[in-house]
Amino acid sequence: MALISIADAESLAARALERAGASAAAAQATARALVYAEAQGTVSHGLSRVAQYAGHMGAGRVDGKATAVVRREQGATVIVDAADGLAFPACALAIDHAMTKARELGVAVAAVTNSYHFGAAIYHLEAIAAAGMVGLAFSNSPAAINAWGGKRPLFGTNPIAAIFPRRGGEPLAIDLALSEVARGKLMVAAKEGKAIPTGWALDEDGQPTTDPARGLKGSMAPAGGVKGAMLALTVELLVTAFTGAHFGFEADSFFEVPGNQPKLGQLFLVIDPAAMGGGEVFAERIETLVAAMLADDGVRLPGARRYALARKAASDGLDVADATLAQMRALAGA
């Protein structure tokens, strides 16, 4: 492991992405998002993705120089076309429009189509909380979860995130994927020749397995069984049916360099508390619940650990795996 400052990590990641084919603006937006995830301890969505994104740009799976555009606006809704480019600029454009609409109308929904991997879902909601509003984020991903009772992976692990601003405190930040565990845990177990617990994955016949290799050929078990599968279906429809974005089973795996342009979908909901019961009511209800939660020993507020890690990284630097740092430096020509 090696220490690197937040600023240096962002600069190095941006140079690597730009050298791989991204525009300067897209490279910088993507680097900020990946460093954010790394600083919060979500390394699976952090700097290790730089090499993946660079490989996908080289293979034509994502256009690093694409410019996201607003395709349609009507009332409280907006659709942004990512134009097969990196997701972060497109999501930022969508959220910026949604916040403006929510301030005027009280609520707004923004969808992104023809998109790509969008990193840590909670990242996209930070600007919403900073503006004193509530945000929800949804995305699909390449297929990993079966329809309940089936054998074929159809739905992605389909993350859901929500953020609730607090007066004088860090937001409540909720971010979860809908598989029981991350697919990366199966990869590690397979590499080490270890069994996995029952309930993590299904084999190619749709049966529970403790063999990680069979799980990788099969599918991930949804979190909470049928309830998780229904949530994955809900997200899949929310992010595709309104815009024509690809379903998870129409997008090739992100873990391979060759493949198609994923054309995934994202959807963001923004709500202004001032348009509902009012800011005072909202703040009082949030803090009353927070106090009740913290009165119970052992309770940790959602997002608290990630924000603490981010503060430590800001002061002490990021502790990045040597292999990841070496990859980034090679890609950046450093």
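Before reading further, recall that the structure is shown in the block above.
For the structure given in this document, a descriptive report is provided here. (Residues numbered from 1 in each chain as written. Predicted model: local features only at pLDDT ≥ 70, side-chain atom pairs only at ≥ 80, totals over all residues. Heavy atoms only, no water.)

On to the pairing of strand β4 (residues 107-115), then. Counting buried residues in β4 gives seven out of nine residues, a clear majority hidden from the surface. In the sheet, strand β3 (residues 77-81) pairs with β4 via five bridges, with the strands oriented parallel. By the bridge assignment, T77 is partnered in β4 with V109. Both β4 and strand β13 (residues 264-271) contribute to a ladder of seven bridges, which runs antiparallel. Across the sheet, residue V112 finds its bridge partner in β13, namely Q266. (Buried < 20%, exposed > 50% of the residue type's maximum accessible area, 1.4 Å probe, protein only. Helix = DSSP H or I, 4+ residues; strand = E, 2+ residues; numbered from the N terminus. Pairing = 2+ DSSP bridges.)

Taken together, seven strands build an open sheet; the order of strands is β2-β3-β4-β13-β5-β8-β9 and the sheet is mixed. Each edge of the sheet is formed by a strand with only one pairing partner; in this case those strands are β2 (69-74) and β9 (169-176). Between one strand and the next, the sheet's axes are offset by a mean angle of 15°, whatever the strand orientation. Each of β2, β3, β4 and β13 is contacted by helix α4 (residues 87-105), which is oriented at about 165° to β4, the strand it contacts most. Helix-sheet contacts for helix α10 (residues 304-316) involve β8 (160-166) and β9, and the interaxial angle to β9 is about 115°. (Axes fitted to C-alpha atoms, helices over the stretch in contact; angles between N-to-C directions. Contact = heavy atoms within 4.5 Å.)

Attention now goes to the sheet that holds strand β10 (residues 201-202). Pairing is antiparallel across the open sheet formed by three strands, whose spatial order is β11-β10-β12. Each edge of the open sheet is held by one strand with a lone partner, namely β11 (208-209) and β12 (219-220). Sheet topology places β10 next to β11; two bridges connect them, and they run antiparallel. Looking at β11, one finds that L202 is bridged to P208.

Turning next to the side chain of T240. Position of T240 among the secondary structure elements: in helix α8 (residues 226-240). T240 sits in the buried class, given a relative accessible area of 2%. Side-chain polar atoms of T240 contact the backbone oxygen of E236, separated by 2.6 Å. Ignoring anything within four residues of it in the chain, the contact list for T240 reads N140, A245, H246 and F247. (Polar contact = N/O pair within 3.5 Å; in protein donor to acceptor, adjacent residues only side chain to side chain.)

The next subject is helix α11 (residues 322-332). All buried positions along α11 are accounted for by T324, L325, M328 and A332. Buried residues along α11 cover an arc of 95° about the axis, so they all sit on one side. For α11, the exposed residues lying more than 90 degrees away from the buried face are A323 and A330. In this fold, the buried residues of α11 make contact with β1 (2-4), α1 (6-20), α3 (49-58) and β14 (318-320). Just beyond α11, the residue with positive phi is G333, at close to 70°. (Arc of directions from axis to C-beta.)

This brings us to the pattern of salt bridges. Taken as a whole, this structure holds 11 salt bridges when the rule is applied. Ionic pairing is found between E284 and R285, a salt bridge with its closest N-O pair at 2.7 Å. (Salt bridge = Lys/Arg side-chain N within 4 Å of Asp/Glu carboxyl O.)

Here we take up the pairing of β3. Extensive coverage of β3 is indicated by the burial of four of its five residues. Here five bridges tie β2 to β3, and the two strands are oriented antiparallel to one another. Across the sheet, R72 pairs through a bridge with I79, a residue of β3. The hairpin formed by β2 and β3 contains two residues between the paired strands, and G75 there has a positive phi angle of roughly 55°. Handedness of the β-α-β unit built from β3, α4 and β4 comes out right-handed. (Right-handed = clockwise from strand over helix to strand, strands pointing away.)

It is worth spelling out the nonpolar core at this point. Residues I4, L17, L47, V50, Y53, L86 and L318 are the most contacted members of the largest nonpolar core, which totals 33 residues. Mapped by element, the contributors of at least two residues to this core are α1, α2 (24-39), α3, β14 and α11. Of all the elements, α2 adds the most residues to this core, at eight residues. With residues near it in sequence (within four places) discarded, L318 still touches A2, L3, I4, I6, A9, V35, E38, A39, L47 and A313. (Core = buried A, V, L, I, M, F, W, Y, C linked by side-chain atoms within 4.5 Å.)

The topology assignment puts R183 in helix α6 (residues 183-192). Judged by relative accessible area, which is 27%, R183 ranks as partly exposed. Among residues more than four places away in sequence, those in contact with R183 are L216, M220 and F255.

It is worth spelling out the packing of aromatic side chains at this point. Summed over the entire model, instances satisfying the criterion amount to six aromatic pairs. A ring pair is formed by F118 and F268, whose centres lie 6.5 Å apart and whose planes are at 45°; its orientation type is tilted. With a gap of 150 residues between them, F118 in the loop between β4 and α5 (126-130) and F268 in strand β13 connect regions that are remote in the sequence. An angle of 10° between the planes, with centres 5.7 Å apart, marks the rings of F247 and F249 as stacked. Accessibility expressed as a relative area gives 29% for F247, which makes it partly exposed. In this structure F249 comes out as partly exposed when scored by relative accessible area, which is 38%. Aromatic rings pair up to connect Y36, F88 and Y123 into one cluster. (Phe/Tyr/Trp six-rings, centres within 6.5 Å; stacked < 30°, edge-to-face > 60°.)

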